[in-house]
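Given next are the chains, with one letter for each unit.
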Amino acid sequence: GLGAVAAIALLSGLSAGAAPGEPAEPGARAAPARPERAVDRLNLKQQVGQTLLLSFAGPEAPDYVLKALRRRRVAGVVLFGPNVVSRSQLRELTRDLQRAARGRAVIATDQEGGSIRQVPFGAPEEAQPSQSSRREAASAAREGAVDLRSVGVNVNLAPIADVGTEAGSAVGARAYPGEAGEVAASVAASVRSHLRAGVLPTPKHFPGFGSAQANTDDEPVTIDSPRERIVERDLEPFRAAVRSGTPLVMASHALYPALDRKRIASQSPAVLKGLLRRRLGFRGVVVTDSVEADAVLSRSSVEVAGVRSVAAGADLVLMTGAGSFATVSERILARARRSRAFRRRVEESAERVLALGDDLRRRARAAR
């Protein structure tokens with residue numbers, strides 16, 4: 001009797017779980033198919049493209065940039081002073097970029113305030129150290145974001161979320177005043193104001209760069225702070241930014257031996273996955289600081305740096321050098337073709353960046 005029951009059960013199981021390509025028995029339940037995702041509609045080259053932000057010289061977009069956007073071989077661009085001549089010129093430039101990208105381009109710039117303004121006619125005129133309260137930080141961020149949105153820029157690589165009170169801090173002249181709690185309040189206010197105004201903020205430089213005595217653009221930097229100090233002090237403004245809904249965070253190129261003895265933060269799984277993703281619960285897009293920084297190039301070529309950053313958990317590789325796009329793109333693509341694990345990592349980042357693009361399009365439509 002038990003044998004008969006087992007045989008019937010086995011036959012029933014075989015009917016319900018028909019082999020691939022065979023019709024299911026009438027009334028049998030098919031396994032639910034995974035819904036198609038936006039990332040599934042991209043080929044591997046396009047998925048790799050979603051991990052890249054490029055830059056270019058001059059006030060007009062070169063043909064290769066427009067072509068890359070049309071073919072979805074790049075997520076967007078970062079604009080600097082030489083790209084900006086006037087309001088009307090910048091509006092026309094960003095329109096051309098979005099037309100090529102069908103409205104999905106990330107168009108970023110660095111508009112911290114004070115002297116760090118790539119859009120010189122845009123707010124805020126006051127640098128972050130002059131914004132002595134969260135109310136002032138919120139007001140400055142709102143004014144700056146409104147100006148950026150009016151010329152078609154949709155991502156600001158700001159605010160500085162570093163605690164820069166230490167003597168000789170490389171970012172002391174750029175950071176909000178006060179200790180960690182005060183900085184955290186200002187960062188949270190800035191993040192919320194950016195979002196309300198329709199521009200996405202990018203708090204930087206994770207996991208905190210306030211103790212640095214030099215800029216990673218110019219030389220390698222090691223921050224010897226104990227882990228406890230980093231977690232209790234330097235992470236506080238980033239924790240506030242994540243709680244306030246920041247969609248992007250920029251990773252530092254400094255080395256933090258207490259967190260990872262060998263790898264700089266932008267290339268460290270311990271920092272990006274361990275601290276930012278797991279400890280802080282960040283689910284948005286991680287963007288690197290410029291991979292042409294001396295702190296990066298002292299360790300490897302820009303192509304190797306791009307692969308290392310993506311492998312570690314970065315979603316967007318920010319390139320500021322002429323000619324970097326083609327070589328970095330090809331190196332990441334080659335690695336993705338060889339390694340299934342790295343290919344999954346590219347797909348994960350591409351999915352996040354596509355979601356970011358959807359958010360940008362929704363905000364652009366709402367602003368019209």
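Check the entry above for the structure.
Residues numbered from 1 in each chain as written. Predicted model: local features only at pLDDT ≥ 70, side-chain atom pairs only at ≥ 80, totals over all residues. Heavy atoms only, no water.

**A closer look at the pairing of strand β8 (residues 248-251)**
Within a regular beta strand, the side chains point alternately toward one face of the sheet and then the other, so they alternate between its two faces.
Then, number 1: Residues L248 and M250 point to one face of β8 and V249 and A251 to the other, with burial holding for every one of them.
Then, number 2: In terms of strand pairing, β8 meets strand β9 (residues 285-288) through 4 bridges, oriented parallel. Each bridged residue has a counterpart across the sheet, and for M250 the counterpart in β9 is V287.
Then, number 3: Handedness of the crossover joining β8 and β9 through helix α8 (residues 269-279): right-handed. (Buried < 20%, exposed > 50% of the residue type's maximum accessible area, 1.4 Å probe, protein only. Helix = DSSP H or I, 4+ residues; strand = E, 2+ residues; numbered from the N terminus. Pairing = 2+ DSSP bridges. Right-handed = clockwise from strand over helix to strand, strands pointing away.)

**Some thoughts on the side chain of D315**
Then, number 1: Among the secondary structure elements, D315 is positioned in the loop between α10 (302-312) and β10 (317-318).
Then, number 2: For D315, a relative accessible area of 0% gives the class buried.
Then, number 3: Reaching out from D315, the side chain makes a polar contact with the side chain of R345 at a distance of 3.4 Å.
Then, number 4: Non-local contacts of D315, meaning those with residues more than four positions away in its chain, are made with Q50, T51, R277, G284, V285, V286, R345, S349, R352 and V353. (Polar contact = N/O pair within 3.5 Å; in protein donor to acceptor, adjacent residues only side chain to side chain. Contact = heavy atoms within 4.5 Å.)

**Some words on the layout of surface pockets**
Then, number 1: Approximately 550 Å³ is the volume attributed to the largest pocket.
Then, number 2: Taken together, 21 residues line the largest pocket, and the ones lying closest to its centre are Q98, R149, G152, A364 and R368.
Then, number 3: At the level of secondary structure, the elements contributing two or more residues to the lining of the largest pocket comprise α4 (87-101), α5 (134-150) and α12 (340-367).
Then, number 4: Top contributing element to the lining of the largest pocket by residue count: α12, with 6 residues.
Then, number 5: For the lining of the largest pocket, the residue count by class is 7 nonpolar, 7 polar and 7 charged.
Then, number 6: By volume, the second largest pocket amounts to about 350 Å³.
Then, number 7: Forming the walls of the second largest pocket are 21 residues, and the residues nearest its centre are D110, R174, D217, D289 and S290.
Then, number 8: Of the residues belonging to the lining of the second largest pocket, the class tally is 8 nonpolar, 6 polar and 7 charged. (1 Å grid on protein atoms, 1.4 Å probe; cavity = no way out; pocket = protein on both sides within 12 Å on 5 of 7 lines; lining within 4 Å. Points joined across faces, edges and corners; volume = space filled by probe spheres on them. Nonpolar A, V, L, I, M, F, W, Y, C, P; charged D, E, K, R; others polar.)

**Focus: the sheet that holds strand β7 (residues 200-201)**
Then, number 1: Reading across the sheet, the 6 strands line up as β7-β6-β3-β2-β1-β10 and stay open at both edges, with parallel pairing between neighbours. The open sheet has two free edges, formed respectively by β7 and β10, since each of these has just one partner strand.

**Considering α10**
Then, number 1: Most of α10 sits out of view: 8 of its 11 residues are buried.
Then, number 2: Residues of α10 that are buried include every one of V302, E303, A305, G306, V307, S309, V310 and A312, and no others.
Then, number 3: Looking at the packing, one finds that the buried side of α10 touches α8, β9, α9 (294-297), β10, α11 (324-338) and α12.
Then, number 4: Once α10 ends, the next one or two residues include G313, with phi positive near 125°.

**Brief notes about the pattern of salt bridges**
Then, number 1: On inspection of all chains with the given rule, the structure shows 21 salt bridges.
Then, number 2: Two residues, R37 and E351, come together in a salt bridge whose shortest N-O distance is 3.2 Å. Placement of R37 in the loop between α1 (2-16) and α2 (44-49) and of E351 in helix α12 is noted, with a sequence separation of 314 residues between them.
Then, number 3: In this structure, the salt-bridge partner of E112 is R174, at a minimum N-O distance of 2.7 Å. Of the two residues, E112 is situated in strand β4 (residues 111-113) and R174 in the loop between β6 (155-156) and α6 (180-197); the sequence distance between them amounts to 62 residues. When sorted by exposure, E112 lands in the same class as R174, which is buried. (Salt bridge = Lys/Arg side-chain N within 4 Å of Asp/Glu carboxyl O.)

**Quick look at a negative patch on the surface**
Then, number 1: Among the surface-exposed residues, E125, E126, E136 and E143 lie close enough to one another that they form a single negatively charged patch.
Then, number 2: Counting through the fold element by element, E125 comes out in the loop between β5 (116-117) and α5.
Then, number 3: For E125, a relative accessible area of 63% translates into the label exposed. (Patch = residues over 30% accessible without salt bridge, like charges linked within 9 Å, V, L, I, M, F, W, Y side chains within 5 Å. Areas by Shrake-Rupley, 256 points an atom, 1.4 Å probe, with all protein chains shown as cover. Lys, Arg positive; Asp, Glu negative; His and termini not counted. Charge placed at Lys NZ, Arg CZ, Asp CG, Glu CD.)

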